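Inside the fold
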Amino acid sequence: MALEPFTGEHQAFRRTVREFCERELAPHAREWDEREEFPRELFRRFGELGYFGIRQDPAWGGSGLDFWYVVAYVEELARCRNSGLAMAMLVQGEIALPALADLGTDAQKREFLAPAIRGEKIAALAVSEPDAGSDVAALRTVARRDGGDLVVSGSKMWITNGARADFLVLAARTGGPGHEGISLLLFPTDVAGFQVSRKLAKVGNPSSDTAVLYFDECRVPARLLLGEEGQGFGYVMTNFQGERLVAAVEAVAAMQLLVDDALRYASERRAFGRPLAAFQAWRHRMAEHLTAIEAARWLTYRACDLHDRRQVAVREISMAKLFACDLAQEVAYDCMQLHGGMGYVLETDVARAWRDLRAMTIAGGTSEIMKEIISKQAGM
Ligand SMILES: Cc1cc2nc3c(=O)[nH]c(=O)nc-3n(C[C@H](O)[C@H](O)[C@H](O)COP(=O)(O)OP(=O)(O)OC[C@H]3O[C@@H](n4cnc5c(N)ncnc54)[C@H](O)[C@@H]3O)c2cc1C
């Protein structure tokens, strides 16, 4: 990897994403949080701009670009200042669609991938269940064969985009217990027996919908199985790599923005006759954070480089997710503290970021699970 991974083309693309986020999204960031929803049409807007197909095959409407374009996109997306919106869009483009792009048949891609890249269909990844989050192999939703159909029964929990999704990339049990019995399938949400039980009221990311889903004898054609039957657990684990890497990139970008904002505030806000930036305690705290963020960025870039070259990077990705998402908690805490009373008022970006970033050590694999993976990789 070159020490500067971004070419002039990557940077030009980055500028267009930044401009879009600052002009069209950020001015509405608070309003969408207060409404606990962002407009559905934004999926189409992101589709028009090509953001759901950055790496995807042009045959399905993608741009066929490398992973560093995705990194630039995710980094700039933080500037929309609405973490729920960013999460929803990343679930569509970088979390639900990659499995479909990797495993889908041409017919499946025509029916689901192409319209999702255009932003016409909303996608969700439905793996977690009320009794199976970290322990994916314990999932109980069943997809039973009946003639040429699969009959799905069970429930899913915490599904981002779940209330709005037109289709799910669904993990369900087609065989016996344990990880061997799990398959992935495409599940259109207009099937009889499917129900969005409720939208969960969350601590943060209020503009994104996170839903509990219920399946009561839902019949879908068996041609919607994704990849090979019984290989779903491995597919989910592979898909987690992209999801966790994107989370690390997102966390680094969010931290950088928080510190940039805090430095600006510290130079403007005065106490005891001087700007906050004149207090050594704050200068040193921010210097520590800038150093740690730089370390998180380069650990993450190392994982991005391996991922871009399609090398196995389970260790590096788990480390990047763990380090960046844990660090984000500390950075958000201090940046909020530096803002004093305004740091506790939801009209400031730092207050909402502190609240929203909390999800990052939980979603997509908890920090404890990252430590499990890293220690296993170390032979412990
Ligand atoms: C905002 C948000 C969005 C989400 N979006 C999606 C989505 O789109 N699709 C989807 O499928 N899921 C989604 N999830 C679910 C998420 O992936 C799970 O919540 C997460 O994997 C943790 O699972 P759990 O909640 O069941 O916690 P549990 O597995 O019950 O864990 C509880 C605690 O025990 C710890 N723990 C568990 N096992 C171990 C172990 N072996 N060693 C040490 N500690 C352990 C955990 O780290 C955690 O601290 C989302 C969650 C959130 C919060």
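Residues numbered from 1 in each chain as written. Predicted model: local features only at pLDDT ≥ 70, side-chain atom pairs only at ≥ 80, totals over all residues. Heavy atoms only, no water.

1. Points about the packing of helix H5 (residues 83–103) against helix H6 (residues 106–117)
Contact geometry for H5 and H6: axes closest at 10 Å, N-to-C directions at 155°. Relative to H6, the element H5 lies roughly antiparallel. Regarding H5 and H6, the two cross each other, and that crossing is left-handed. Only Gln108, Lys109, Phe112, Leu113, Ala116 and Ile117 of H6 make contact with H5, whose side of the interface consists of Gln92, Leu97, Leu100, Ala101 and Leu103. The residue makeup of the contact of H5 with H6, split by class, is eight nonpolar, two polar and one charged. (Axes fitted to C-alpha atoms, helices over the stretch in contact; angles between N-to-C directions. Helix = DSSP H or I, 4+ residues; strand = E, 2+ residues; numbered from the N terminus. Parallel < 35°, antiparallel > 145°, perpendicular 65-115°, else oblique. Left-handed = near helix turned anticlockwise from the far one by under 90°. Contact = heavy atoms within 4.5 Å. Nonpolar A, V, L, I, M, F, W, Y, C, P; charged D, E, K, R; others polar.)

2. Observations regarding the site of the ligand
Neighbouring residues of the ligand: 15 residues in total, closest Ser128, Ser134, Trp158, Thr366 and Glu368. Within the backbone of Leu125, one N or O atom sits 2.8 Å away from a nitrogen atom of the ligand. Notes on the ligand: free accessible area 980 Å², of which the protein chains cover 66%. Looking at the shell around the ligand, its residues break down into seven nonpolar, six polar and two charged. (Near = heavy atom within 4 Å. Polar contact = N/O pair within 3.5 Å; in protein donor to acceptor, adjacent residues only side chain to side chain. Areas by Shrake-Rupley, 256 points an atom, 1.4 Å probe, with all protein chains shown as cover.)

3. Observations concerning the packing of helix H8 (residues 280–308) against helix H9 (residues 314–338)
Contact geometry for H8 and H9: axes closest at 9 Å, N-to-C directions at 155°. As far as their axial angle goes, H9 and H8 are roughly antiparallel. Where H8 crosses over H9, the two elements pack in a sense that is left-handed. Grouping the amino acids of the contact of H8 with H9 by side-chain chemistry returns 18 nonpolar, four polar and five charged.

4. Let's talk about the pattern of salt bridges
Tallying each qualifying case throughout the model produces 33 salt bridges. Notably, a salt bridge pairs Arg164 with Glu37, separated by 3.9 Å at the nearest N-O pair. Residue Arg164 is found in the loop between strand S3 (149–160) and strand S4 (167–173), and its partner Glu37 is found in the loop between helix H2 (29–35) and helix H3 (41–48); the two are separated by 127 residues along the sequence. The exposure class of Arg164 is buried, given its relative accessible area of 14%. For Asp166, the salt bridge goes to Arg40, with nearest N and O atoms at 3.3 Å. Here Arg40 lies in the loop between H2 and H3 and Asp166 lies in the loop between S3 and S4, a separation of 126 residues in the sequence. The class for Asp166 is partly exposed, based on a relative accessible area of 26%. Shared partners join several salt bridges into a network, and the residues in it are Asp33, Arg81, Asp261, Arg264, Asp349, Arg352, Arg355 and Asp356. (Salt bridge = Lys/Arg side-chain N within 4 Å of Asp/Glu carboxyl O. Buried < 20%, exposed > 50% of the residue type's maximum accessible area, 1.4 Å probe, protein only.)

5. Brief notes about the packing of aromatic side chains
Counted under the stated rule, the structure contains 17 aromatic pairs. Considering the side-chain rings of Phe13 and Tyr51, the 6.1 Å spacing of their centres and the 80° angle between planes classify their relative orientation as edge-to-face. Within this pair, whereas Phe13 is found in helix H1 (residues 8–25), its partner Tyr51 is found in the loop between H3 and helix H4 (67–77), the two being separated by 38 residues in sequence. On the accessibility criterion, Phe13 (16% relative accessible area) is buried. (Phe/Tyr/Trp six-rings, centres within 6.5 Å; stacked < 30°, edge-to-face > 60°.)

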